[in-house]
Amino acid sequence: MRSRRWLLVLLGLGALAAGLVLAQGARTASRTASDAAARTFVPPGQHDEYYGFFSGGFNGQVSVVGLPSGRTLRVIPVFSQHAENGYGYSEETKALFNTSHGPVYWDDSHHPQLSRTNGQSDGRWLFINGNNTPRIARIDLSTFETVEIIEIPNVGGNHPSPFATANTEYLVAGSRFSQPVPQRDMPVADYKGNFKGMLTFVAVDPDSGEMSLAFQVMMPGFDYDLAHCGKGPSADWCFFTSYNVEEAHTLLEVNASQADKDFVTAVNWRRAEQCVAEGKATELPVRYAHNIVDEASGIARTEWLESATVLDPADCEGLVYFLPTPKSPHGVDVDPTGEYIVPGGKLSATIAVHSFSKMLQAIENRDFDGDAYGIPILNFDAIVAGQVERACLGPLHNEFDSKGNVYTSCFITSEIIKWRLSDFQVVDRMPVYYSIGHLMIPGGDNVKPSDSYVVALNKITKDRYLPTGPELTQSAQLIDISGNTMEMLLDFPTLGEPHYAQGIAADLVAPNSKQIYALADNTHPYATKSEADVRVERDGDVVHVYMTSIRSHFAPDVIEGIKVGDTVYWHVTNLEQDWDVPHGFAVQGMEAANILIMPGRTLTVKWEPKAPGVYPFYCTDFCSALHQEMQGYVRVPPADSDVALSWSLGQ
Ligand code: RUQ
Ligand code: CUA
């Protein structure tokens, strides 16, 4: 921290630095370690108060973390194959990974977004974006399983995503990296004026949660970084930050930081709906995948779509406005009342807050400061609500409490600042370790946030834990915000890079948690619902094994006559109807570690035996006292053998 303080002094912010030192000193005295420990301690057998859904960043997954304990409850695989349960290896889940680039078994996930009703998280679904190959996934919070992934066409780097409107009418997606649209070959040097950004609205079915591409707004080739949609009075609008209004295509660290102000883009999605209804959009041919899991069979299938509905702002007046915003803003957040739009101008030392009501007024008065590519730029002075002076360095993201306070993460000064919307004064600072990105208050983007905790999601961990070689885990810190000043309670490591997280009261999710899949409802075409029906069927050189598992055996457990050169599909149905009794399956030489089958479900894994022999298969999940005995053999003769196909159990 010393070098950081010197940096501040050098930057002429001596007063701010002094404040920081004082705040830190006071903090150490005020709270002892054992007191903090008591406040995060969840006694054995008791439950956490909140679920935290943490993005895994480059691991492509979501981790579920109990708060305040910081305990990891499980990892939900989303955009990446998962050795723990065979997600992405089983035949049933493979289609979830289909994209126009072929199956993509890994992605970079950033922003978990809980579904919401009337601006409050409702605990039904969790959405998260895939950044690299643009996608949005939906996780069903009754099963904590990924049930749908939709590809976002015409977009490069889907970072400003999947932020939801107040009733989850839409999720947004957008181009962090503008591209030629439609995609085609052209020199990169022709970027300026030719590359396009796409701000995308994905509709969510209010009953099923199913996603569909509603419309896209074709924008100038800036870098659209983050987004949030409004609430209350601003509920019809979504706001996207952008940097690189310079439209540089090389050495962006210099060339995209020239302009004094970049933009927050305000999009009126109700207006977009009208323009689409009035026939002002065009259909752009583009191929993209929509992958969805059938609930009864558990099988994912892909629907290929062939066009996108695209709106040009020039054809739809009142659709888009630019709000000038100092200096390469990163996050943009809307306060609980829906009036304040708070960007994180990461290269600016003040935080300029926009007023939604002033924005509407400026639009009505046509108080414009020119335009960019025909899109009106609102007059900065007409829309600014206030500025937080001497805020911090590197403000990135904001979350809110219910009392009119804003918590801002500051990357460069490694702190969270708390300030008031009533007078734009900073009232508290909390140093964090180190280089915070996002921060999270349970419901911190809701109409009624909780006043419980803020979690700091830090990029750098150096010296906080026992060293583990060159690579250190990322880190989160739990801070109490229930009092007047923030109080640091707990450090805990995270899996992957926790770009963002969302928290929700456990009461809104836990009661809906499913315990088993009813065997009777299983419509999987290869399901085997009783041991009487197990069998092995040959169709040319393809063999289907209809297998069951129950404590503590497979049926059948001896199979003979599958030959070298065969392609074998093991369809394993877990007959259990008890909570927490999955069975695993693995056979020697299979490409995945295992598949893990939930009670009542059927999963299929493909196996291609390469050499004659006798190969064991076994259950990979310790399911009973006789789990070790849950095993069997498959005899594989050479391709030209006449060993007959047979199967048995207990002979
Ligand atoms: S980001 S550290 Cu991928 Cu949301 Cu801001
Ligand atoms: Cu079934 Cu172990």
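Attention in this report is confined to the structure presented alongside it.

What to know about a negative patch on the surface
Taken together, the side chains of D205, D207, E210 and E303 make up a negatively charged region of the molecular surface. Along the polypeptide, D207 turns up in the loop between strand 9 (196–204) and strand 10 (211–220). We classify D207 as exposed; its relative accessible area is 67%.

Comments concerning helix 7 (residues 356–364)
Turning to helix 7, its buried residues are F356, M359, A362 and I363. Buried positions in helix 7, seen along its axis, are confined to an arc of 115 degrees and lie on one side of it. Directly beyond the C-terminal end of helix 7, a positive phi value near 50 degrees is found at R366.

As for the state of the cysteines
Working definition of a disulfide: a covalent bond connecting the sulfur atoms of two cysteines. Scanning the entire structure with this criterion turns up three disulfides. What pairs with C275 in a disulfide is C316, and their sulfur atoms sit 2.0 Å apart. Measuring the twist about the S-S bond at about 85 degrees, one finds the C275-C316 disulfide to be right-handed. Placement of the pair is C275 in helix 6 (residues 269–277) and C316 in the loop between strand 15 (300–311) and strand 16 (320–326), with a sequence separation of 41 residues. In this pair, the class of C275 matches that of C316, namely buried. Cysteine pairing in the protein follows 1-2, 3-4, 5-6, where each cysteine in a disulfide is numbered by its order in the sequence.

Quick look at the sheet that holds strand 26 (residues 426–431)
Strands sit in the order 23-24-25-26 across an open sheet of four strands; the sheet is antiparallel. Strands at the two margins of the open sheet, each flanked by one partner only, are strand 23 (395–400) and strand 26. Neighbour to neighbour, the strand axes of the sheet diverge by 25 degrees on average, direction disregarded. Here strand 25 (residues 415–420) runs beside strand 26; their pairing, made up of five bridges, is antiparallel. Note that in strand 26 the partner of I417 across the bridge is R429.

A few points about the packing of aromatic side chains
With the rule as written, the count across this model stands at 33 aromatic pairs. Seen from their ring centres, Y51 and F53 are 5.9 Å apart, and the 15 degrees between their planes marks the pair as stacked. Each member of the pair Y51 and F53 is classed as buried. A centroid spacing of 5.7 Å and a plane angle of 85 degrees characterise the contact between F554 and F585, whose relative ring orientation is edge-to-face. One end of the pair, F554, is in strand 34 (residues 553–555); the other, F585, is in strand 37 (residues 583–587), with 31 residues separating them in the sequence.

Conventions we followed
Residues numbered from 1 in each chain as written. Chains lettered and ligands numbered in written order. Predicted model: local features only at pLDDT ≥ 70, side-chain atom pairs only at ≥ 80, totals over all residues. Heavy atoms only, no water. Patch = residues over 30% accessible without salt bridge, like charges linked within 9 Å, V, L, I, M, F, W, Y side chains within 5 Å. Areas by Shrake-Rupley, 256 points an atom, 1.4 Å probe, with all protein chains shown as cover. Salt bridge = Lys/Arg side-chain N within 4 Å of Asp/Glu carboxyl O. Lys, Arg positive; Asp, Glu negative; His and termini not counted. Charge placed at Lys NZ, Arg CZ, Asp CG, Glu CD. Helix = DSSP H or I, 4+ residues; strand = E, 2+ residues; numbered from the N terminus. Buried < 20%, exposed > 50% of the residue type's maximum accessible area, 1.4 Å probe, protein only. Arc of directions from axis to C-beta. Disulfide = S-S within 2.5 Å. Pairing = 2+ DSSP bridges. Axes fitted to C-alpha atoms, helices over the stretch in contact; angles between N-to-C directions. Phe/Tyr/Trp six-rings, centres within 6.5 Å; stacked < 30°, edge-to-face > 60°.

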